[in-house]
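Report on the structure
Single-letter residue listing:
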Amino acid sequence: MDGTKHYRIGTFADYLCVSRSFLKHYEEEHLIKVVHQDNGYRYYPFTEAAYILEYMRLHSYGIPVREMKSAVTASAESAFDTIDRHADELEKKAERLLAVVAEHRRIRKWYQDMAGQPFRWEVKKMEPVYFLPHSNAQDFTDDPRVYEIFPEWCESMPLVKIGLYVKRNPKTPGTNEVFWGLCVTEANLKRAGLPVNDAVWKMPSSQAFIYHFYDLLRPTPMKEVRENRHPGFELMRELGFQASGDALIVTDMKLEKDGVKRGFGRAVIPMVDPASMLDHSEKND
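What comes next is a walk through the structure. (Residues numbered from 1 in each chain as written. Predicted model: local features only at pLDDT ≥ 70, side-chain atom pairs only at ≥ 80, totals over all residues. Heavy atoms only, no water.)

The residue after M157, namely P158, is reached through a cis peptide bond having omega 10°. Counting through the fold element by element, P158 comes out in the loop between α6 (144-155) and β6 (161-168). Not every positive phi belongs to a glycine, and H30 is a case in point at roughly 60°. Relative to the helices and strands, H30 resides in the loop between α2 (20-28) and β2 (35-36). Since its relative accessible area comes to 62%, H30 is described here as exposed. Residue N228 is not a glycine yet carries a positive backbone phi of 65°. Given the relative accessible area of 23%, N228 is considered partly exposed. (Helix = DSSP H or I, 4+ residues; strand = E, 2+ residues; numbered from the N terminus. Buried < 20%, exposed > 50% of the residue type's maximum accessible area, 1.4 Å probe, protein only.)

Glancing now at the sheet that holds strand β4 (residues 119-126). Spatially, β4-β9-β11-β10-β6-β7-β5-β8 is the arrangement adopted by the 8 strands of the open sheet, whose pairing is antiparallel. Taken across any chain shown, the strands that pair with only one partner, and hence form the sheet edges, are β4 and β8 (201-203). For this sheet, the mean angle separating the axes of adjacent strands, direction not counted, is 30°. Across 8 bridges, the pairing between β4 and strand β9 (residues 206-217) is antiparallel. Across the sheet, R120 pairs through a bridge with H212, a residue of β9. Sitting on the sheet, helix α5 (residues 76-114) is in contact with β4, β6, β9, β10 (247-257) and β11 (260-270), with an inclination near 75° to β9. Along the sheet, α6 contacts β5 (129-135) and β7 (176-185); its crossing angle with β5, the most-contacted strand, is approximately 115°. (Pairing = 2+ DSSP bridges. Axes fitted to C-alpha atoms, helices over the stretch in contact; angles between N-to-C directions. Contact = heavy atoms within 4.5 Å.)

Among the residues making up α2, those that are buried are L23, Y26 and E27. The buried side chains of α2 occupy one side of the element, clustering within an arc of 105° when seen end-on. Opposite the packed face of α2, turned more than 90 degrees from it, sit the exposed residues S21 and E28. Lining the buried residues of α2 we find α1 (9-16), β2, β3 (42-45), α3 (48-60) and α4 (65-73). H30 lies just past α2 and shows a positive phi near 60°. (Arc of directions from axis to C-beta.)

Two pairing modes exist for strands in a sheet, parallel and antiparallel, and in both the strands are linked by backbone hydrogen bonds. Judged by pairing direction, the sheet is antiparallel, and its 3 strands sit side by side in the order β1-β3-β2 without closing on themselves. Where the open sheet ends on each side, the last strands, each with one partner, are β1 (6-8) and β2. As paired strands, β1 and β3 are joined by 3 bridges and run antiparallel to one another. In the strand pairing of β3, R8 is matched with Y43. On the sheet, α1 packs against β1 and β3 and is oriented at approximately 100° with respect to β1.

Turning to the packing of aromatic side chains, a few remarks are in order. Where two aromatic rings form a pair, the distance of their centres and the angle of their planes describe that pair. Across all of its chains, the model carries 17 aromatic pairs by this definition. Pairing Y111 with F264 gives two aromatic rings, centres 6.1 Å apart and planes at 55°, and the pair type is tilted. One end of the pair, Y111, is in helix α5; the other, F264, is in strand β11, with 153 residues separating them in the sequence. Counting every residue linked through ring pairs, the aromatic cluster contains Y7, F12, Y15 and Y44. R8 extends its terminal NZ or CZ atom over the ring of Y41, reaching a point 3.8 Å from the ring centre. (Phe/Tyr/Trp six-rings, centres within 6.5 Å; stacked < 30°, edge-to-face > 60°. Lys NZ or Arg CZ within 6 Å of the ring centre and 35° of its normal.)

As structure tokens, then:
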């Protein structure tokens with residue numbers, strides 16, 4: 001060894017607040033120099049600490065270990081270009097995390113505003129909603145296009161919701177087909193930068209009856225939904241409103257205790273003749 005002070009792996013790791021496996025990994029990637037003694041001990045030169053700190057700086061941008069060597073030996077322009085790319089990715093992740101927090105705050109406020117009411121309804125203009133079917137409630141879809149984008153949609157929960165798509169059955173009026181899947185509003189789809197392909201169904205913007213449910217027992221009973229007997233559908237009919245298209249039951253949160261399922265969310269049901277429903281747009285507590 002030269003006049004530079006050297007440290008055993010445990011001591012060197014402690015001074016830098018990293019693990020031994022961290023140092024071994026960086027050694028294997030040829031990022032730091034290590035002196036191997038005949039007795040098998042590793043000794044780390046003091047001067048390698050400066051390199052490790054530089055690699056930590058790059059790591060904070062999300063630069064993978066395999067790119068670090070080229071990042072520190074490249075020209076300044078090239079190094080900045082590399083960091084720019086990773087900084088852009090960090091910005092996207094930060095925006096997504098902020099969106100997730102904002103969505104949670106929205107759900108929390110909704111929960112507080114409901115103040116224990118079992119339901120609340122309103123008529124309002126709904127924005128377009130995108131639905132990715134994943135099962136027919138009995139079996140998974142075998143459409144390969146679904147699985148091309150399914151992972152990215154899952155990663156964007158809770159901006160993406162679990163939803164039950166209620167499709168009117170034209171062969172048997174008054175009955176529905178139901179599909180489980182993921183749903184997201186157009187605004188959140190764009191905010192999360194989610195991919196869309198031909199497997200995705202789109203509910204267009206329309207005037208809709210919104211039934212908010214709070215701690216609802218069995219929020220998505222399959223048999224009842226197929227027979228058009230969900231509480232949201234029943235209340236809509238009692239009020240004299242008429243559905244104009246497929247509906248969506250969106251779940252923000254589900255709880256289960258002693259085998260009993262309860263849910264918090266809303267049923268979104270497009271309405272006939274939106275212009276005639278404007279007088280009913282106030283909320284009913």
